[in-house]
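Reading the structure
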Amino acid sequence: HNAIRLGLMMLIIGFAIMISINYSMADVQAYIEDNPSQVILISLIIYVSSGLTFLPSIPLTLFIAVLIGPLQAAIVATIGNTIAALLEYQVGKTIGDVVDFEEIKAKLPLGLGKLPIDSPYFLLAARSIPAGTRGFSVVCGAYQVPLLSYTWTTFTMFFISSMIFAYGGSLV
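To keep things clear, this report deals only with the structure shown in the data block. Because the structure is predicted, anything quoted here is derived from the model rather than measured. (Residues numbered from 1 in each chain as written. Predicted model: local features only at pLDDT ≥ 70, side-chain atom pairs only at ≥ 80, totals over all residues. Heavy atoms only, no water.)

**So, the layout of surface pockets**
A volume near 1,000 Å³ is recorded for the largest pocket. Taken together, 32 residues line the largest pocket, and the ones lying closest to its centre are Phe15, Ile19, Ile42, Ile46 and Phe63. Looking at the lining of the largest pocket, the elements that each hand over two or more residues are helix H1 (2–22), helix H2 (25–34), helix H3 (36–53) and helix H4 (58–68). Top element by residues in the lining of the largest pocket is H1. It accounts for nine residues. (1 Å grid on protein atoms, 1.4 Å probe; cavity = no way out; pocket = protein on both sides within 12 Å on 5 of 7 lines; lining within 4 Å. Points joined across faces, edges and corners; volume = space filled by probe spheres on them. Helix = DSSP H or I, 4+ residues; strand = E, 2+ residues; numbered from the N terminus.)

Below is the structure:
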């Protein structure tokens, strides 16, 4: 699993280096103006890929906000990050099914196994913490948090944070 993440991360970094060496910012802006729908699709793919590798997506949100506008960037970031989080949730659900997660959960220190992780308030609060939201998706899957609660809280918090970053980044 780590080898796949490392390989995907290296592929993304290599692709970014190749593009930055071969194309100028003017070329990128011209392509974006000529192909806005492809840019949105490419951005979604990058968001999902970065979500699976634990690379932060904030720089991409800022970059897209400057190029195509903050509202569009926030929407693309929200959808891309939510799709990535749902994939991570499925990974956690698979892990929870494979190992005896209930036994592991009962042995967690400091009563961590008794946290109300399926509570929408807890889900919103945990998503508001900047670090660790990607790992939290896997934990939610392992805990088998109801998918509907997980999805709407994830979408809501990604939308709020994406709006803040996209509008804040476009002002700079």
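**Side note on the packing of H2 against H4**
Across the interface, H2 lies against H4 with an axial gap of 10 Å and an inter-helix angle of 65°. The angle between H2 and H4 places the two elements in the roughly perpendicular class. In this structure, H2 meets H4 at a crossing whose hand is right-handed. For the pair H2 and H4, the contacting residues are Met25, Val28, Gln29 and Ile32 in the first and Phe63, Leu67 and Ile68 in the second. Residue classes in the contact of H2 with H4 are distributed as six nonpolar, one polar and no charged. (Axes fitted to C-alpha atoms, helices over the stretch in contact; angles between N-to-C directions. Parallel < 35°, antiparallel > 145°, perpendicular 65-115°, else oblique. Left-handed = near helix turned anticlockwise from the far one by under 90°. Contact = heavy atoms within 4.5 Å. Nonpolar A, V, L, I, M, F, W, Y, C, P; charged D, E, K, R; others polar.)

**Quick notes on the packing of aromatic side chains**
Tallied over the entire structure, the rule returns two aromatic pairs. Note on phenylalanine 155 and phenylalanine 159: the rings are 6.5 Å apart at their centroids and 0° apart in plane angle, and the pair reads as stacked. One end of the pair is phenylalanine 155 and the other is phenylalanine 159, both in helix H9 (residues 147–171) and four residues apart, which spans about a single turn. On the basis of relative accessible area, phenylalanine 155 is assigned to the partly exposed category, the value being 38%. On the basis of relative accessible area, phenylalanine 159 is assigned to the partly exposed category, the value being 32%. (Phe/Tyr/Trp six-rings, centres within 6.5 Å; stacked < 30°, edge-to-face > 60°. Buried < 20%, exposed > 50% of the residue type's maximum accessible area, 1.4 Å probe, protein only.)

**Thoughts on the side chain of threonine 154**
For threonine 154, the location among the structural elements is in helix H9. Among the polar contacts listed, one links the side chain of threonine 154 to the backbone oxygen of tyrosine 150, at a separation of 2.7 Å. Not counting the four nearest positions on each side in its chain, threonine 154 is found in contact with Thr82, Ala85 and Arg127. (Polar contact = N/O pair within 3.5 Å; in protein donor to acceptor, adjacent residues only side chain to side chain.)

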